[in-house]
Each structure stands twice: as C-alpha cells, then as structure tokens.
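Geometric and topological summary
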Amino acid sequence: MEEFKHHYLRLCKEYHIDTQDCVLKQLNSASGGSPTKHGRTSLNLSTNSLTPKTCAVLGKLLATDRMFSEIRLNDCMITEDGIKVIAHGLSSNVACQKLYLKGNNIRASGAEALGKMLRDNTTLTHLCLEWNSLGMLENSFSIFCDGLAANTSLFSLDLRNNQISHDGATELSQALKRNSTLLHLDLRWNNVGIIGGRSLLCMLETNKTLSKLDLAGNNVPVDISKAIDTAILANSDHQALANEYQSRQNMLGRELTSLKKEKQSQMVNLMDTLDKQEESLRRTQRSSGHKIGQLQAALEERKTAFNSLAAKLSMVESELAVSEVQNNDYQTIVLKVKQEQEDSKERHMTELRREREGHQLTETKLLKEVTEFMEKNSTLENKLDEVERKCKVQQEQIYDLKEQLTHNQADLKLKASHFEEKVHHEKQKYKDALREMEELQQREISRCQQDCGESEKTLKDRIQKLENNRLELEEEISRMKNVHVADRLQNEEHLMITKQKIRQEEEQRCKQYEEKIRLLQQSKDETQSHANMLSGTVQDLQSKNSGLVLENEALKRKIEGFQNELAGKNSEMMTEVGKVRLEMAQRMNKLEAENQTQSELRDKMHNLDQQLTEQTVRNRDAIHAKEREITELQERLKSKETEIQRMREDEAQRASVLQQAILNYVKH
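First, a word on what this report is: a plain description of the structure on this page. Everything numeric here is computed off the predicted structure, so don't read it as measured data.

Burial in helix H4 (residues 80-90) covers these residues: Glu-80, Gly-82, Ile-83, Ile-86, Ala-87, Gly-89 and Leu-90. Residues of H4 that are buried in the fold lie against helix H3 (52-63), strand E2 (68-72), strand E3 (98-100) and helix H5 (109-120).

Shown next as structure tokens:
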C-alpha cells in the first residue's frame, strides 16, 4: 500500500497535479488497504468525488498494478473522460478481479471505453455497473456488447437501473450468443419489454452457460419470464452435469495415473528383488568355490607330506636291506615281515586315497546340491530332507566302517607287536591271523565300495531329478513374468479403449440431447409466434374474441404438453445418465478386481522370496555341517599320520634290536 501511495505522489508531481486529500486519506486508512480472502488488498475509493486528473493518475497506476484484486469506485461522480482513462488502464491490468462502478452516470463514450476494456482484459470476473445510463445511447451500448461478446473471463455482470430498452436487450442477447463464460446477469429495473424478453429467450437457445438471469421490473410477460426461467434451469442442470462429468473424468484420470505409478513401482521392486537374489546367489557360489579351492590346496599339501613320508620309508627300507645282507639267517624272516608291512602300508595308502577321492566326490556333490538348492522352491523341501536323512545315514554307516577299520588297524598293530615279541615261537599263528584279517579287510572294503557306488548312483539320480525340477521352476517363473507383463499391457489398453468409448458415447448423447432440445424449442417458438399472431388478430377482430380466446387456451394447453414432453425428455436424460453412472461403477469394480489379482500375484512373489530365503538358510546350515565334517576328517587324518609315524619309529627300534641281537649272536 505504501508503494502504491508513493507512485501516486510521484505521478502527481511529474504531471503537476494537485493530490486529493480524500484519496490520500483512503490510502492511509485501513479501509483503503484491507486484505481480501485471497490474501491481496482492496482499493476502496467509494463516495469520494474524483477529478479527471486524479482518474488519469489512477488509470496509469492501475495499468501496472499487481496488488489490488478488488477496486470499488461507487458513487465517485466520475466524468466520461475519467471513465475512459480508468478503463484504458484496467484493460492491461492482470490483478483486478472485481470492479464496482455503481452510481457514476456512465453513458456514451464511457460505455464504449468499458466495452474496449472488456475486450482486452483477461482477469476480471465480476463487474458491477448499477445505477448508470449505459443503455441511453444504442450505438455506445452496442460497442459495450461487442466487448462483452469477446470477453473470456467475466462470470458476473450487474446492469441494474441502466435504462436498457428492448433494442439494447436485443444487442445484449446477440452478444451473449457469442459469449461462453458469463454465468450471472442482472437486468433488473430496466425497460426490456416483450421484444427484449423474446430476444433473451432466443439467446438462451444457443447460450448454455448462463445459469442465472434476473429480469424483475422490466415489463416482461409472465409466459416469457417462465420460459426464460425454464431455459435457465435447463442451463444450470446442464452446467451441473458438465461439471460433475468433468470432475469424475479428472478423478478417473488421477486414479489411472496412481495405478500406473503403483504398477511401475511394483515392477521396479520386483526387478530389484530379483537382482538382489541373483547377486546373493553369485556371492554364495563364489564363496563356495573359494572354500573348495582352499580345501583342494590343503589336500595337495597333505599329499606332499605323505610323499615325503614315503621317501623316508624307502630310506629306512634300504637301510634294512643292508642289515638283511649282513644277517643271512634272518633274511627270509625280515623280508617276509617287510613285505607284509609294505602290503599293509600300500593297503592303507590305497584306503586313504579312496577315502580322499570319496571325500572329494562327496564335496563336489554337496556343492552342486547347494547351488541347485538355492534355485528351488518350497515344494521340494520334503524330498531334500529325505535325501539329507539318507545321506546322513550313509555317512554314519561310512563313519562306522571307518571306525571299524581303525579298530582293525589297531588290532593289527597290537598283533604285530605281539608277533615281533614272539618271532621264534608263533610265526605260523601270526601269519594265519594276518591272512584272516586281510581277508576280512578286503571283504569289508569291497562291501564299502559297493555301498558307496550304490549311494553315488542314487545321489546322481536324485541330483538329475532336482536339476530337472530346477529347470521347470525357472521356466514357470519366466512364464509368470511374461504373463504379468502381458496382463499389465492388456489392462492399460483396455482402460484406454474404455476411456475413448465413454467419451464418444457421452459426446454422442450430449449431441442427441441438444438436437432434441433444439427441435422442441423450435416447435415451442413456432407455437409462441402463432399465439402472437392470434393475439394480433384478436386486437383487430374484436367480434371474434371469444373463438380466438378458446384457440389461445388450446394453444396454451399444447404448450403445457410440450413442456411436459420436455420434462419427460429431461427425466429420460437423467435415467440415461444414471445408466452411464452404473456402467462406470461396473467398470470401476472390474478395475478393482484386476487390482486384487495383481495383489495376489504380489503375495505369491513375496511367498516365493520367503521360501528362497529359508532355502538359503538351510543350505548355509548344510554347508556349515559339511565344513565341520571336513574338519573332523582332517583331524582323523592327522591322528592317522601320527599313528603311522609312531609305527615307523617302532619298526626302526625293532630293526635296531634285531641288528644288535644278530651281532651278539655272530660274536658268540
């Protein structure tokens, strides 16, 4: 407000115009700059006589003003020149929405200036011109009407007490035929008359936006005013239906956009989950491959250690051969003992190799099973549990056999020590016992090999079945993805088609209703013209007054019948609109059912993800169990290596004892 006041004072100084105290007082007071509902201010200079120079300054200020959304200049005694300047300034204003010019005796050039302002202004929505003289001169009022016809923003126009005659009403009706935005027109207390009322009624045949028209105090006949009221009601109903249709169309558009966004977000989430699952699978594969490589490196190190031990054994055997050359008497016995020891060592080595190979095979098989279990569904969990149980039973059997072998080896070692102590006394018994033990070992080894071969075959068959099931599940998942994408595309196409159909049907129905209403109005106008002709003949021929009155009553009855037909047509239109609403509700129900199916698919995908996570946890537990078994096997291998080392040391001690005994025997 201070800025507006500053500009006002500056322009007054530039043009050497004396400032008006009333204007400054209103600008300084709170009433002059009171805020409106929209947050902007209101300029209220009502009941203050404004000079033409002050109006010129105000016009220049209002041309660039962006502060005032409401301007009140009621009863300001503004001259024609002042109205011209203010209207010229408001023609380029982009902030004012309400303009009040009540009681300023506007006529002639002022009306022309207001018409030009209405043609150029695009923000004014309410214009009050009560208690003026716009309709005094027909030419100036026609220019005002032309500006009103070209305007596209005005919603309400107040023309009360403006001396508008029937010619002005015809001009105004012609302008309103071209205007499609005005909703409220107030023409009370003018001189419209019968001709003006007819012109306004004809205007309502084409104008379907005007929803309120006040004609009190214009000497308009009752039948014409009733017809105008019915047309206005029809326009208001049509406008309400159009607004409702537009709001529903906007609501459907928003719902469709929200559904599209939800579908896109769901697809993105599904793709993200699938990518995460693939990455987790790759990580598990990499970690399992790394662990397998570490295990293979450890096994190779163990092989090198065993080779070094074998080399040491060969050195010991060479030393023993030298001692055997010196001792000819015990050469055969020592050779036999060495052969038996070598046979036992070779058998032990072969058993160790077989165990290693079996362990490697089992490791590879278990790793394959782990990679395959990661891609399986919950339907195979029971089968996998049964397979794991059988594997555990077989592994327990293998462990039992290994323990039996270790017990047998311990027995052999004890018997070997006992045989060394009683070399001279129980050679034959020891040989028989060794043979029996070897036969038993061979039988047990052969039986274990057969069992392992059978278990390998069964595991291979089950692995093949699991691979087939995995491939089937992958195909099903890809098929479900394709089906989901196809369903989404079909739903989108169906929605677009239904939208287009609904729009076309609504447009066709609206056109049909408009044509029917137009035909009915034409027939109504024909009957009205006929009634007017009859009234003229009544005035000319008073002798035939009674018969013409009867005919007039008959025509009125026909008009009432036509009005009833119009009411029936309106009811039919409402029923058809209800049918359209029912169809829209059914289509919305279909869309909701499709959304429910999509939610069910989401739940299924969520269940599959949960099952995959559970399967990964189980596979991890199985891997940990296998790692524990591998560590136990490694510990057993270490214990066996220590036992072999101890046996070698015992054999070396025994060989030294034999050498000393032989040397003592030779000396004696």
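Turning our eyes to something else, we now look at the packing of aromatic side chains. As enumerated under the stated definition, the model contains two aromatic pairs in all. Summarising the aromatic geometry, the rings of Phe-4 and Phe-68 are spaced 4.9 Å apart at their centres and angled 90° between planes, so their arrangement reads as edge-to-face. Taken together, the positions of Phe-4 in helix H1 (residues 2-14) and Phe-68 in strand E2 put the pair 64 residues apart, joining distant regions of the chain. Take Phe-4: its relative accessible area is 4%, and that puts it in the buried class. Taking relative accessible area as the criterion, Phe-68 reaches 0% and is therefore assigned buried. Here Phe-141 and Phe-144 contribute two aromatic rings whose centre-to-centre distance is 5.8 Å and whose plane-to-plane angle is 25°, an arrangement assigned as stacked. Of this pair, Phe-141 and Phe-144 both sit in helix H6 (residues 138-150), three residues apart, roughly one helical turn. Neither residue differs from the other here; Phe-141 and Phe-144 are each classed as buried. Over the ring of Tyr-100 we find Arg-72, and its NZ or CZ is 4.1 Å from the ring centre.

The next point concerns the pairing of E2. Of all the five residues making up E2, four are buried; the element is thus mostly covered by neighbouring parts of the structure. Bridge count for strand E1 (residues 41-44) against E2 is four bridges, and the pairing is parallel. Residue pairing across strands places Thr-41 opposite Phe-68, the latter belonging to E2. Two strands pair when backbone bridges link them, and E2 and E3 are joined in this way by three bridges, in the parallel orientation. Counterpart to Arg-72 in the pairing with E3 is Tyr-100.

The subject of this paragraph is helix H2 (residues 21-28). Every buried residue of H2 is listed here: Val-23, Leu-24, Gln-26 and Leu-27. Burial along H2 is one-sided: seen end-on, the buried residues are contained in an arc of 165°. Among the exposed residues of H2, those oriented more than 90 degrees off its buried face are Asp-21 and Lys-25. In this structure, the buried residues of H2 make contact with H1, E1 and H3.

What follows is about the sheet that holds strand E7 (residues 212-214). Ordered in space as E1-E2-E3-E4-E5-E6-E7, the seven strands form an open sheet in which the pairing is parallel. The open sheet has two edge strands, E1 and E7, and neither has a second partner. Taken over all neighbouring pairs, the strand axes of this sheet differ in orientation by 5° on average, direction set aside.

Quick look at a negative patch on the surface now. A cluster of acidic side chains, namely Asp-272, Asp-275, Glu-278 and Glu-279, defines a negative patch on the protein surface. Topologically, Glu-278 is positioned in helix H9 (residues 222-326). Classification of Glu-278 as partly exposed rests on a relative accessible area of 41%.

Note that Lys-640 resides in helix H13 (residues 545-667). By relative accessible area, Lys-640 is classed as buried at 13%.

A word on the packing of H5 against H6. Two numbers describe how H5 lies on H6: the axes approach to 7 Å, and their chain directions differ by 10°. One element, H5, and the other, H6, form an angle in the roughly parallel class. Contacts between H5 and H6 involve Ala-111, Glu-112, Leu-114, Gly-115, Leu-118 and Arg-119 from the former and Ser-140, Ile-143, Phe-144, Asp-146, Gly-147, Leu-148 and Ala-150 from the latter.

So, on to the pattern of salt bridges. Under the criterion given, the structure shown has nine salt bridges. One salt bridge connects Glu-70 with Arg-72, and the closest N-O pair in it is separated by 2.7 Å. Judged by its relative accessible area of 12%, Glu-70 falls in the buried class. A residue is classified by how much of its surface remains accessible, and Arg-72, at 27% relative accessible area, is partly exposed.

How each quantity is defined
- Residues numbered from 1 in each chain as written.
- Predicted model: local features only at pLDDT ≥ 70, side-chain atom pairs only at ≥ 80, totals over all residues.
- Heavy atoms only, no water.
- Buried < 20%, exposed > 50% of the residue type's maximum accessible area, 1.4 Å probe, protein only.
- Helix = DSSP H or I, 4+ residues; strand = E, 2+ residues; numbered from the N terminus.
- Contact = heavy atoms within 4.5 Å.
- Phe/Tyr/Trp six-rings, centres within 6.5 Å; stacked < 30°, edge-to-face > 60°.
- Lys NZ or Arg CZ within 6 Å of the ring centre and 35° of its normal.
- Pairing = 2+ DSSP bridges.
- Arc of directions from axis to C-beta.
- Axes fitted to C-alpha atoms, helices over the stretch in contact; angles between N-to-C directions.
- Patch = residues over 30% accessible without salt bridge, like charges linked within 9 Å, V, L, I, M, F, W, Y side chains within 5 Å.
- Areas by Shrake-Rupley, 256 points an atom, 1.4 Å probe, with all protein chains shown as cover.
- Salt bridge = Lys/Arg side-chain N within 4 Å of Asp/Glu carboxyl O.
- Lys, Arg positive; Asp, Glu negative; His and termini not counted.
- Charge placed at Lys NZ, Arg CZ, Asp CG, Glu CD.
- Parallel < 35°, antiparallel > 145°, perpendicular 65-115°, else oblique.

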